[in-house]
Amino acid sequence: MVSANAGKTQEEIEKELEKQYIPLSYGEYEEALSNGKLVGLKCLSCGKITCHPMPVCQWCSSRDMERVELSGEGELLTFTVIRVAPEGFDAPYIPCLVKTKEGPNIIGRLELEPEQASQELIGKRVKMSGTYTYKGDKFSGGAHVCPVFKIIEP
Ligand SMILES: [Zn+2]
């Protein structure tokens, strides 16, 4: 019996496995962000959404998932103001954790003047308003894109 992978390079085999098991790679997730879209994975077993993309459903570990577009809306769970930036970052900025309307929590940046940041903002409704590209540092393996959220509830 001849293996289906006979004659293929390791790289070719990994590419095929990635297509089969990862309907949305991290690179594709960042590319969609750059085009103003927040995408995730809908589990075909439990119906819940995984975001950012992972090889398995973050809720039930199923590999049976399909790509979906998220609303970009959610609730501000928490944030902090960074005034002394790590290497490769520019301060000040506000990293935040958002509970998306679809379920998963995602990390992004909050579009807000640091002077306006206060604890009263926690729990407010937010919507994705754009993206931010980190230049990257010696630890990050290059530039990365993250969603930027804006408070939409007064
Ligand atoms: Zn699931």
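Here the structure is a predicted model, which is why all the values come from computation and not from measurement. Here the residue numbering is sequential within each chain, running from 1 through the sequence in written order. Per-residue local features of the predicted model are confined to residues with pLDDT of at least 70, and side-chain atom pairs are confined, for both listing and counting, to 80 or more; whole-chain, interface and lining totals are unaffected and use all residues. Just so you know, side-chain values use all the structure's heavy atoms and leave hydrogens and water out.

Peer 1: Can you walk me through the environment of L76 in this structure?
Peer 2: Within the secondary structure layout, L76 lies in strand β4 (residues 73-79). Under the relative-accessibility criterion, L76 is labelled buried at 0%. Every residue in contact with L76, bar those within four places of it in the chain, is listed here: C96, L97, V98, L110, L121, I122, G123, K124 and V126. Every helix listed is a DSSP run of H or I at least four residues long, and every strand listed is a run of E at least two residues long, numbered separately from the N terminus. Exposure classes here rest on a 1.4 Å probe applied to the protein chains alone. A residue is buried below 20% of its type maximum, exposed above 50%, and partly exposed in between. In what follows, a contact means two residues having at least one pair of non-hydrogen atoms within 4.5 Å.

Peer 1: Quick question: what am I supposed to make of the coordination of the zinc ion here?
Peer 2: Ideal coordination angles are 109.5 degrees for a metal with four donors arranged tetrahedrally and 90 or 180 degrees for a metal with six donors arranged octahedrally. Around the zinc ion, the protein contributes the donor atoms C43 (SG), C46 (SG), C57 (SG) and C60 (SG), which lie 2.3 to 2.4 Å from the metal centre. A donor here means an N, O or S atom no more than 2.8 Å from the metal, or no more than 3.2 Å when the metal is Na, K or Ca. Since water is not included, a site may seem to lack partners. Here a site with four donors is tetrahedral if all angles are between 85 and 135 degrees, and a site with four or six donors is square planar or octahedral if opposite donors are over 155 degrees apart and the other angles are between 65 and 115; anything else gets the irregular label. Metal-centred angles of 104 to 116° between the 4 donor atoms at the zinc ion mark the site as tetrahedral. On the accessibility criterion, C57 (2% relative accessible area) is buried. Judged by relative accessible area, which is 36%, C60 ranks as partly exposed.

Peer 1: Where do I start with the packing of aromatic side chains in this structure?
Peer 2: The way to describe two aromatic rings as a pair is by their centre distance and the angle between their planes. Paired rings are identified among Phe, Tyr and Trp, the last through its six-membered ring, by centres lying within 6.5 Å, and are further divided according to the angle between planes into stacked (under 30 degrees), edge-to-face (over 60) and tilted (the rest). The final tally for this structure, using the stated rule, is 4 aromatic pairs. Here the aromatic cluster, defined as three or more aromatic residues joined through ring pairs, consists of F89, Y93, Y132 and Y134. The ring of Y93 has R109 sitting right over it, with the charged end atom 4.0 Å from the ring centre. The side chain of R109 reaches across the aromatic face of Y132, ending 3.7 Å from its centre. Here, over-ring charges are defined by two tests on the NZ atom of lysine or the CZ atom of arginine: distance to the ring centre within 6 Å, and angle to the ring normal within 35 degrees.

Peer 1: How should the pattern of salt bridges be read in this particular structure?
Peer 2: Oppositely charged side chains can form a pair if their charged atoms are brought close together. A side-chain nitrogen of Lys or Arg and a carboxyl oxygen of Asp or Glu constitute a salt bridge if their distance falls within 4 Å. Across all of its chains, the model carries 4 salt bridges by this definition. Notably, a salt bridge pairs E73 with K127, separated by 3.8 Å at the nearest N-O pair. With E73 in strand β4 and K127 in strand β7 (residues 125-134), this residue pair connects regions lying 54 residues apart in the sequence. A salt bridge links E87 to K138, with the nearest nitrogen and oxygen atoms 3.9 Å apart. Of this pair, E87 sits in the loop between β4 and β5 (95-100) while K138 sits in the loop between β7 and β8 (144-151), placing them 51 residues apart in sequence.

Peer 1: Please explain the nonpolar core as it appears in this structure.
Peer 2: Grouped burial of nonpolar side chains is what soluble globular proteins tend to show. Remark: nonpolar core denotes a set of buried residues (Ala, Val, Leu, Ile, Met, Phe, Trp, Tyr, Cys) joined through side-chain atoms within 4.5 Å. Core analysis: the biggest nonpolar cluster contains 27 residues, and L38, L76, F79, C96, L110, V126 and F149 have the highest contact counts within it. Among the elements of the structure, α2 (26-34), β1 (38-43), β3 (65-70), β4, β5, β6 (105-110), β7 and β8 are those that each provide at least two residues to this core. With 4 residues, β1 is the largest single contributor of residues to this core. Looking at which domains feed residues into this core, each of domain 1 (1-70) and domain 2 (71-154) supplies at least three. Apart from the residues lying within four places of it in its own chain, the contact partners of C96 are L76, T78, F79, I106, I107, G108, R109, L110 and F149. Domain delimitation in this document rests on an assignment produced automatically or drawn from a domain database.

Peer 1: What is the right way to look at α2 in this model?
Peer 2: Listed as buried for α2 are Y29, E30, A32 and L33. End-on, the buried residues of α2 take up no more than an arc of 160°, which puts them together on one face. Buried positions along α2 lie against β1, β3, β7 and β8. Looking one or two residues past α2, G36 carries a phi angle of roughly 80°, positive in sign. Each C-beta atom gives one direction from the helix axis, and the arc is the one those directions make.

Peer 1: Looking at this model, I keep getting lost on the side chain of T50. Mind explaining?
Peer 2: If you trace the backbone, T50 turns up in strand β2 (residues 49-50). Any pair of nitrogen or oxygen atoms within 3.5 Å is treated as a polar contact; in protein, a donor-acceptor pairing is required on top of that, and neighbouring residues in sequence qualify only through side-chain atoms on both sides. For T50, the side chain forms a polar contact with the main-chain nitrogen of Q58, separated by 2.9 Å.

Peer 1: Mind showing me how you'd approach the sheet that holds β2 here?
Peer 2: Working definition: the strands of a sheet are paired by backbone hydrogen bonds and lie parallel or antiparallel to each other. One requirement defines pairing of two strands: DSSP has to find at least two bridges between them. One open sheet accounts for 3 strands, arranged β2-β1-β3; its pairing is antiparallel. Either end of the sheet is taken by a strand with one partner, and the two such strands are β2 and β3. Geometry is summarised by axes, namely lines fitted to C-alpha atoms with helices restricted to the contacting stretch, and by angles between N-to-C directions that run from 0 to 180 degrees. With respect to the sheet, α2 is in contact with β1 and β3, its orientation differing from that of β1 by roughly 135°.

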